[in-house]
Amino acid sequence: MAKFTLREEQALKVEELLKKMTVAEKVGQLHQLSPSIVGGFDVSFEELIEMLTEGRITNEEFGQMMEGAERDFHEEEIREGRIGSFLLDDPEKANELQRIAVEESRLGIPLLIGFDVIHGFQTVFPIPLGEACTWNQELFEASASIAAKEASSHNIRWTFAPMVDIARDARWGRISESPGEDPYLAGVYSRAKVRGFQGKEPGGQEHIAACLKHFAAYGAVESGQDYNTVSMAHSMLHNGYLPPVKAAVEEGAMTVMAAFNDYNGVPCTVNPYLLRKVLKKDYGFEGFVVSDATAIKECVAHGIAADLADASKKAIEAGMDMDMNSHAYHNHLETQVEDKTVSIETLNEAVRRVLSVKMALGLFERPYVSEEEMKRYEELPKEHKEAALETAKRSIVLLKNEQVLPLRKDQKIALVGELADMPMEVLGAWSLGGREKDCVSIYQGLKDAGASVTYQTCCGPESDFCKEALMEAAEDADVIVAVVGETSAMSGEAASRSDLTLPGQQQELLKEALATGKPVVAVLMNGRPLALAWEQEHVPAILECWQLGIEMGHAVADVLFGAYNPSGKLSCTFPAVTGQCPRYYNHPSTGRPAGKSKFTSRYLDAPLAPLYPFGYGLSYTEYRYEGFQLKETETAVLAQVTVRNEGSYGGEETVQLYVRDVTGSLVRPVKELKGFQKVRLSPGEAKKVLLSVEKKDLGFYNDEMEYLLEDGEFIFYVGGNSRDCMEQEISLKF
Ligand code: BGC
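No experiment lies behind these values; they were computed from the predicted model shown.

1. Some points on the site of the ligand
So, point 1. Every residue lining the ligand is accounted for by Asp116, Phe160, Arg174, Lys213, His214, Met257, Phe260, Asp292, Ala293, Met324, Trp430 and Glu493.
So, point 2. Side-chain polar atom of Lys213 to an oxygen atom of the ligand: 2.8 Å apart, as the coordinates give it.
So, point 3. Protein chains bury 89% of the 310 Å² of accessible surface belonging to the ligand in isolation.
So, point 4. Grouping the amino acids of the shell around the ligand by side-chain chemistry returns six nonpolar, one polar and five charged.

Here it is, written out as structure tokens:
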């Protein structure tokens, strides 16, 4: 698809509208709100939030109280044309508010209803970090397209996704929302997501606007602590962090959300380098930029703005088009334009962008959803569930297997671990449309598969280990399947962790399970890479299952019993110990690479290498790589390799191609993914795989954002992960 731009007749309509609008109406288009909570509790809303953050009430209790709360939907302001967008999932209310905007406001400009539809809406798919392990762009696109259908049936016409923050630090909770650490894989993912959400032509009834977030470098927050500061060279930003953003802008993404963090001293919310220069000028982005929630207001706490008025001026001038929930534009922009503190041209530009997206989405023609549409997905269609299952199976990564898996149906299973029977926990962070009735827990999945299974809770991420329960479950069992990991609330926003080992007493559960002498399978349910050095040493089989979405139980059962041969490949490095974070495969070369000698880049008290490298994932079969050759053409380098299935299971391998630019005018990464291909192989079968890298893609950006292609030596690698590769060197001139 091409970059987002309006058709001529639509652009004319936008200009006509702009001419008719008052300054107040223009500012209204830039104001986004969520329904305000006005009361209905015994304590004030602020106090309630405090109680939640201090742990005096649980998330569940908070949720229940919120359901009963009174809300203000700001109808009067909508009628006055002072609100342009609403954050809402309530189709009836959305229609009602839309009717006020369209039929009762002076110019009848529809609202843009947005919502966080991150990894599915009602059909919840695996968390993005897990979905990225499929390395499958058809699936990336299909899940976004299903999400768009379901969300648009609720009159949600804008999602705050895809989140394409490159995440190299597993301590950061939002790594679960991201496609992982690699800019190339994230680029494939972000393009596919934009196609899936927006369709071929923006404005289709069942399509919604995508929002790339968070711009920029949010994944690099210092020490993995959420909302923290980010400092990095422009060259690192452009080579390591922005490729998925650039790719998605080229694919036609209609909106972008600025990140909470500062970038080199200037919060992204008010950062003209990022918003005006890189995004709008260099990338030629014609959609609009929205702030993150209350981020304009937070510029005061950042110490970059004196007060809300100052933040309003700085944001609009930096190129921030829409204010999410800060009330900065709402309270100050009209006066600022009238007294010429902010120019009318600056305001017009932002409004033009917002109206362009509304126009392209077809909101002026179709502002409402029908009763029938609203109810369309009350029961999920079979094909949505099938897609969720397909993606979930392919997201599972086999980390270790000492001839324990697959299990046979006649083996008696002792299933233990609280997470195995918590249906809503399959959803993971940011799955606001998910419903319990659609969720299949692992316990349910095993029962549906006809397994002979005895279940005991035994231990959870936050509940103590009970040895008696384990003994009871294990007594007659042939194998113990222990479901361990994190709750959904342990990843996602504001969920950074400083210790990545299994939380609570879950390792105790594994130790005691091993002490029974029966084979043990650790099934991991988590939202980030964990530090699993102990588990890798002791547990004979480990399956990384993430939070796989509504069909989790069926997907896990299919893999445990070998109905599906695992094919997932890690989208992120797993450190051996937390102290190795941030750990990622494509780091810049150092003068003293980690080695045996003390005076190399290493820790005294941790292994040199991470536990599982990027791209890693085992299968029930074995693949052998042979006959790796390179061939140069005028415009590309062609890599050919034969992959042979040497085991007794059919399967699918992801053949990965990495490149190292040996010498450059800037320090280059030790290895970078430049392509991959999936190949299906029956037992004994061998296939030639051909991968091509365009020469123009072998360059890099310097700090001035110039793209350099430098002659010299390049090493090409192929393999089934980023560590175990065959290599060939080639000398290239551009
Ligand atoms: C998050 C965004 C999200 C927004 C709206 C913020 O707290 O950082 O990713 O889209 O809330 O819900």
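Read on, since the account is not over.
2. Considering the packing of aromatic side chains
A ring pair, where both rings are aromatic, is described by two values, the distance of the centres and the angle of the planes.
So, point 1. All chains considered together, the criterion is met by 20 aromatic pairs.
So, point 2. Note on Tyr184 and Phe676: the rings are 6.2 Å apart at their centroids and 90 degrees apart in plane angle, and the pair reads as edge-to-face. Placement of the pair is Tyr184 in helix H9 (residues 183–198) and Phe676 in strand S22 (residues 672–681), with a sequence separation of 492 residues.
So, point 3. The exposure class assigned to Phe676 is buried, which follows from its relative accessible area of 19%.
So, point 4. These aromatic residues form a ring-pair network of at least three members: Trp135, Tyr184, Tyr585, Phe614, Tyr658 and Phe676.
So, point 5. Looking at Arg99, its charged tip hangs above the ring of Tyr368, at a distance of 4.4 Å from the centre.
So, point 6. Here the guanidinium or amino end of Lys511 rests over the ring plane of Trp534, the centre of that ring lying 5.5 Å away.

3. Looking at helix H10 (residues 234–241)
So, point 1. The complete set of buried residues in H10 reads Ser235, Leu237, His238, Gly240 and Tyr241.
So, point 2. Against the buried residues of H10 lie H9, helix H11 (243–250), strand S9 (262–263), helix H12 (272–282) and strand S24 (700–701).

4. Brief notes about the packing of H10 against H12
To describe two helices that pack against each other, one gives the angle between their axes and the distance between the axes.
So, point 1. Contact geometry for H10 and H12: axes closest at 14 Å, N-to-C directions at 60 degrees. By the angle class used here, H10 and H12 are oblique. Here the hand of the crossing between H10 and H12 comes out right-handed. Across the interface between the two elements, His234, Leu237 and His238 of H10 pack against Tyr273, Leu274 and Val278 of H12.

The rules behind these values
Residues numbered from 1 in each chain as written. Predicted model: local features only at pLDDT ≥ 70, side-chain atom pairs only at ≥ 80, totals over all residues. Heavy atoms only, no water. Near = heavy atom within 4 Å. Polar contact = N/O pair within 3.5 Å; in protein donor to acceptor, adjacent residues only side chain to side chain. Areas by Shrake-Rupley, 256 points an atom, 1.4 Å probe, with all protein chains shown as cover. Nonpolar A, V, L, I, M, F, W, Y, C, P; charged D, E, K, R; others polar. Phe/Tyr/Trp six-rings, centres within 6.5 Å; stacked < 30°, edge-to-face > 60°. Helix = DSSP H or I, 4+ residues; strand = E, 2+ residues; numbered from the N terminus. Buried < 20%, exposed > 50% of the residue type's maximum accessible area, 1.4 Å probe, protein only. Lys NZ or Arg CZ within 6 Å of the ring centre and 35° of its normal. Contact = heavy atoms within 4.5 Å. Axes fitted to C-alpha atoms, helices over the stretch in contact; angles between N-to-C directions. Parallel < 35°, antiparallel > 145°, perpendicular 65-115°, else oblique. Left-handed = near helix turned anticlockwise from the far one by under 90°.

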